[in-house]
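Structural overview
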Amino acid sequence: MKKSLVTRRLVESAVMIAIATVLSVLSFQGPWALGGSITICSMLPLVFIAQRYGTKWGLLTGVVHGILQMFLGFSNVQYASNAITAIGIILLDYVVAFGVIGFSASFNRFFKNRQIAIVVGIVVTLFLRFVCHFFSGWLIWEALWPNEYGYGSVVWSILYNGSFMLPEIIITAAVAALSYKPLKRYWLGQDLPQ
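Residues numbered from 1 in each chain as written. Predicted model: local features only at pLDDT ≥ 70, side-chain atom pairs only at ≥ 80, totals over all residues. Heavy atoms only, no water.

Looking at an unreviewed UniProt entry, one finds the protein chain named Energy-coupled thiamine transporter ThiT and attributed to Candidatus Pullichristensenella excrementigallinarum.

As structure tokens, this is what we get:
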């Protein structure tokens, strides 16, 4: 790979991680949400990088973003009562949860229409992120702090994490679908030197 393309990929990835981080800070809690917060497409920059540079690079970018999110929310890790719980929080709430976003580009080969492939990739990978948070909520957080509503831990984790992840999936998929045609050249990496 040409040195200029490697540099461009690194710079674009750093910029997209920075944009994703800023968007993750600009969040709101919907009136329906039982916890967590909804961002305005904070995962879209990670999907964009995966689409431009492929699944492997997307996975790496997602993991780096997850580690950055972990450091920004490190107080969550400090709630762990032991090393195994801390590792579970680090993996399920950060590293794996954000790393799976990189798989969004792997759906391109299954659909002729790239716009549909991108939307399906977003829906599936953000659902996988929900699954990571669900297991974390069920196995770790509910054990640390049982919910005050008396719901079973599985039900509570689905409701809690679903209340912010479902809107996140819908918003991200909609913005990606709407931005595809005007930004098609960039989504497909047609602006990159061959």
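This paragraph deals with the overall build of the protein chain. The helix and strand tally for the protein chain stands at eight helices and two strands. When the helices and strands of the protein chain are listed from N to C terminus, the series reads α-β-β-α-α-α-α-α-α-α. Relative to the 2.2 N^0.38 estimate, which gives 16 Å for 194 residues, the radius of gyration of the protein chain is 17 Å and therefore close to what a compact globule would have. Its C-alpha atoms give the protein chain principal-axis dimensions of about 55 × 30 × 30 Å. In the protein chain, which comprises 194 residues, the share counted as buried stands at 47%. By sequence separation, contacts in the protein chain at least 24 residues apart represent 71% of the contacts at least 6 residues apart. As displayed, the protein chain offers around 10,000 Å² of accessible surface, 71% of which is attributable to carbon and sulfur atoms. (Helix = DSSP H or I, 4+ residues; strand = E, 2+ residues; numbered from the N terminus. Rg over C-alpha atoms; globule rule 2.2 N^0.38 Å. Buried < 20%, exposed > 50% of the residue type's maximum accessible area, 1.4 Å probe, protein only. Contact = heavy atoms within 4.5 Å. Areas by Shrake-Rupley, 256 points an atom, 1.4 Å probe, with all protein chains shown as cover.)

Once that is clear, we can look at a nonpolar patch on the surface. A surface patch of nonpolar side chains, amounting to about 450 Å² of accessible area, comprises Leu34, Tyr149, Tyr151, Val155 and Leu159. In this structure, tyrosine 151 sits in the loop between α6 (114-144) and α7 (153-180). (Patch = residues over 30% accessible without salt bridge, like charges linked within 9 Å, V, L, I, M, F, W, Y side chains within 5 Å. Salt bridge = Lys/Arg side-chain N within 4 Å of Asp/Glu carboxyl O.)

What follows covers the side chain of glutamate 168. Residue placement: glutamate 168 occurs in helix α7. Salt bridges are absent for the buried glutamate 168, whose nearest opposite-charge side chain, arginine 129, sits at 4.7 Å. Excluding anything up to four places from it in sequence, glutamate 168 contacts Ser37, Ile38, Thr39, Cys41, Ser42 and Leu126. (Lys, Arg positive; Asp, Glu negative; His and termini not counted.)

Turning our eyes to something else, we now look at the UniProt feature "transmembrane region" (unreviewed entry) in the protein chain. According to UniProt, the positions carrying the feature "transmembrane region" (unreviewed entry) are residues 9-26, 32-50, 57-77, 83-104, 116-141 and 153-178. Strand forms 0% of residues 116-141 and helix 100%; the C-alpha atoms that close the span are 35 Å apart. Secondary structure across residues 153-178 comprises 100% helix and 0% strand; the distance between its end C-alpha atoms is 37 Å. (UniProt positions renumbered as here; feature names shortened; annotations may be inferred.)

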